[in-house]
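For reference, the chains in residue letters:
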Amino acid sequence: MNDALKIAVFASGRGSNFEAILKAIRTGGIRGAGIVAVISNNPGSGALETARRNEIPALHISRTQFDSDGAFDAELLGALGKYGANFIVLAGYMKKVSPAVIAKFRNRIINIHPALLPEFGGKGMYGERVHRAVIEGGAKESGATVHMVDEVYDHGAVILQRKVPVSPDDTPETLAAKILKVEHEIYPEAIRLFAEGKIVIKDKTVSTVS
Ligand code: GRF
């Protein structure tokens, strides 16, 4: 594969963002990027199933399989090296990425969060909890954020963000569905920008060049 961006996707669950990215790559919406492996802590994840169906290396690597953080990190980094990954896309990955992996992939790891960061992010803010907090907080809008990953949860610089209105009759489920639709648009879009070299990161500041 001669792609500039050799992506390892880390995912724990359903994997719909991974599917949206894969589709964008396969239909030419993203050029210069390929998915070299999907890694999951969850052997039953939809993401691993999708990877297998698409003949992408599907790896179950979990901290629970190892005696130490060091052994786990070594396995992960070994797998990333083996498949030649130079970029990591977190797509519903429910585990914190270890400092060793972040250090090795500095400015090369992105995540998507189903709210408008820096609001409604941080430890414990995932899935339904995010949308419930948004609704209970009376926010008039929410959305999705693609951001860089650093050592702190949901903290790295924002790359792309898109808003959706919160309706008075929204439930966490309806809001999640609206936002997921937007996620499937902006995550491939962000990866396209990286693949085209249009994202410049300097001193933790992200800028987009045209
Ligand atoms: C998405 O809502 C994403 O924002 C969050 O986890 C969810 C993953 O969904 N980080 P999927 O597994 O990609 O379908």
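Everything numeric in this text was worked out from a predicted model, so none of it was measured. (Residues numbered from 1 in each chain as written. Predicted model: local features only at pLDDT ≥ 70, side-chain atom pairs only at ≥ 80, totals over all residues. Heavy atoms only, no water.)

### Some points on the pattern of salt bridges
Going by this rule: We count a salt bridge whenever a side-chain nitrogen from Lys or Arg sits within 4 Å of a carboxyl oxygen from Asp or Glu. Helical segments are the DSSP runs of H or I of at least four residues, strand segments are the runs of E of at least two, and each set is numbered from the N terminus. Each residue's exposure class comes from its accessible area (1.4 Å probe, protein chains only) as a fraction of the maximum for that residue type: buried when under 20%, exposed when over 50%, partly exposed otherwise.
A complete count under the given rule lists nine salt bridges for this structure. Between Arg 63 and Asp 69 there is a salt bridge, with its nearest N and O atoms 2.6 Å apart. Note that Arg 106 and Glu 151 form a salt bridge whose closest N and O atoms lie 2.9 Å from each other. You can see Arg 106 sitting in the loop between α4 (99-104) and β5 (109-113) and its partner Glu 151 sitting in the loop between β6 (141-148) and β7 (158-165), a full 45 residues away along the chain. Overall, Arg 106 belongs to the partly exposed group, its relative accessible area being 40%. Exposure remark for Glu 151: the relative accessible area of 36% places this residue in the partly exposed category.

### A closer look at the pairing of strand β8 (residues 199-202)
To keep things clear, this is the line we draw: By this definition, two strands are paired if DSSP reports at least two bridges between them.
Pairing of β8 with strand β9 (residues 205-208), which is carried by four bridges, proceeds in the antiparallel orientation. When the bridges of β9 are listed, Ile 201 appears paired with Val 206. Following β8, the chain reverses through two residues before pairing antiparallel with β9; Asp 203 in that reversal takes a positive phi of roughly 50°.

### Observations concerning helix α6 (residues 172-195)
Applicable threshold: The span you would expect from a helix comes to 1.5 Å times its residue count less one.
For α6, spanning 24 residues, the distance from its first C-alpha to its last is 33 Å, which sits close to the expected 34 Å at 1.5 Å a residue. Two residues or fewer after α6 comes Gly 197, characterised by a positive phi angle close to 70°.

### Structural notes on the domain arrangement of the protein
Rule in force here: Start and end positions for the domains come from either an automated domain assignment or a database one. Only heavy atoms matter for contacts: two residues are in contact if any of them lie within 4.5 Å across the pair. When two parts are brought into contact, each loses some accessible area as probed by a 1.4 Å sphere; the total of that loss over both is the buried area.
Domain boundaries assigned for the protein yield domain 1 (1-105) and domain 2 (111-210). Centre-to-centre, using C-alpha coordinates, domain 1 lies 20 Å away from domain 2. With 20 residues of domain 1 at the contact, the number on the domain 2 side is 16 residues. Across the domain 1 to domain 2 interface the summed buried area is about 1600 Å²; carbon plus sulfur atoms make up 71%. Applying the counting criterion to the domain 1 and domain 2 interface returns zero salt bridges.

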